[in-house]
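Close look at the chain arrangement
The primary structure of each chain is shown beneath.
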Amino acid sequence: LFLLYLSIPTIYNKTEISIKLNNQLQKKLNFNFNLSENFKYNFLPRPHFVYKNSSISANQNEISKIEELKIFISLKNLFSYKNFKVLDLSIEKSNFNLNNQTYDFFTKLLDADFKDGKLTIKDSNIFYKNKDEEVLFINKILNMEYIYDNKDIQNKTISNNEIFNLPYSIEFTKNNIEKKFFSKLNFNFLKLKIDNELDFSEDVKKGSMNFTLNKDKFSASYEINKNNLI
């Protein structure tokens, strides 16, 4: 009986399922997902839909093409697709195209709702482009996770990456109460760590950076406004 219950989503109309899931993703992440009709439903290891060749867009700009998107749903209320609740998301083999209009895509995700589930991005690439759409550099995402930290009551992302075939890790947090953004960048092969704190409570954003190279420490401060970086 339990297996029959898990298999119920297979009887629903695929178009209606995609509309429901797309609306929930937009509400959860604040970005538009273009879900293809090429998907299947699996109930092991837990109920989820697998979409092929989907995409993410914002303000009519396509940000990412996703080869495989997994949408995990709650075990509750499978009797009606209208009651589906999206929990975890997994993006694999995706290409993110970022420019001067979409460069903050990954930091904006920190404003999403991850209290009921996490977002994982694996085996993907970020192409950073200039205003002429020329690729400046490529960042490879090995594994990235967006989670909700119950202890600090805020979203957090931890990512292992490669750039120019050099490995590094980075951690982001955003405190919307204090209006501060924190990041930790770690280049283990260089024994270099960079801690950054940015106060975005005012129009002119003020930040500070601490560098640790071996046992040596350095500090720097900066300001950001709409026109320049100081």
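Here the structure is a predicted model, which is why all the values come from computation and not from measurement.

Cut-off values and rules
- Residues numbered from 1 in each chain as written.
- Predicted model: local features only at pLDDT ≥ 70, side-chain atom pairs only at ≥ 80, totals over all residues.
- Heavy atoms only, no water.
- 1 Å grid on protein atoms, 1.4 Å probe; cavity = no way out; pocket = protein on both sides within 12 Å on 5 of 7 lines; lining within 4 Å.
- Points joined across faces, edges and corners; volume = space filled by probe spheres on them.
- Nonpolar A, V, L, I, M, F, W, Y, C, P; charged D, E, K, R; others polar.
- Phe/Tyr/Trp six-rings, centres within 6.5 Å; stacked < 30°, edge-to-face > 60°.
- Helix = DSSP H or I, 4+ residues; strand = E, 2+ residues; numbered from the N terminus.
- Buried < 20%, exposed > 50% of the residue type's maximum accessible area, 1.4 Å probe, protein only.
- Pairing = 2+ DSSP bridges.
- pLDDT = per-residue confidence, 0-100.
- Contact = heavy atoms within 4.5 Å.
- Salt bridge = Lys/Arg side-chain N within 4 Å of Asp/Glu carboxyl O.

The next subject is the layout of surface pockets. Estimates place the volume of the largest pocket at around 1500 Å³. Along the wall of the largest pocket there are 41 residues; nearest its centre are Y103, D104, T107, F172 and F181. Here the lining of the largest pocket is built from residues that sort into 22 nonpolar, eleven polar and eight charged.

The next subject is the packing of aromatic side chains. Tallied over the full model, the rule gives 14 aromatic pairs. Relative to F49, the ring of F39 lies with its centre 5.9 Å away and its plane at 65°, an arrangement referred to as edge-to-face. You can see F39 sitting in strand β2 (residues 39-42) and its partner F49 sitting in strand β3 (residues 48-58), a full ten residues away along the chain. Since its relative accessible area comes to 9%, F39 is described here as buried. A relative accessible area of 0% places F49 in the buried class.

What follows is about the pairing of strand β12 (residues 205-213). Strand direction decides the pairing type here: strand β11 (residues 192-199) and β12, joined by eight bridges, are antiparallel. Its bridge partner being in β12, D195 is matched across the sheet by N210. Linking two consecutive strands that pair antiparallel, namely β11 and β12, is a turn of five residues. Note: β12 against strand β13 (residues 216-224), nine bridges, orientation antiparallel. When the bridges of β13 are listed, M209 appears paired with A220.

For the chain, per-residue confidence averages 88 on the pLDDT scale, and residues scoring 70 or more make up 98% of the total. Across the chain, element-level confidence peaks in strand β6 (residues 119-129) with a mean pLDDT of 95 and bottoms out in helix α1 (residues 2-6) with 79.

Moving on, we get to unusual backbone geometry. Cis geometry is found at the peptide bond from L44 to P45, where omega equals 0°. By the secondary structure assignment, P45 is in the loop between β2 and β3. Backbone geometry places N53, a non-glycine residue, at a positive phi of 55°. Inspection of the secondary structure assignment puts N53 in strand β3.

Of note, Y128 is situated in strand β6. Judged by relative accessible area, which is 23%, Y128 ranks as partly exposed. In this view, Y128 contacts L98, E134, V135, L136, F137 and N139; residues no more than four positions away in its chain are not counted.

Moving on: the pattern of salt bridges. Summed over all chains, the structure comprises twelve salt bridges. A salt bridge links K85 to D116, with the nearest nitrogen and oxygen atoms 3.3 Å apart. Here D116 lies in the loop between α3 (105-108) and β6 and K85 lies in the loop between β4 (61-73) and β5 (86-98), a separation of 31 residues in the sequence. A relative accessible area of 40% means that K85 is categorised as partly exposed. Judged by its relative accessible area of 41%, D116 is partly exposed. Its salt-bridge partner being D149, residue K156 comes within 3.1 Å of it at the nearest N-O pair. By sharing partners, the salt bridges in this structure join K52, E68 and K70 into a single network.

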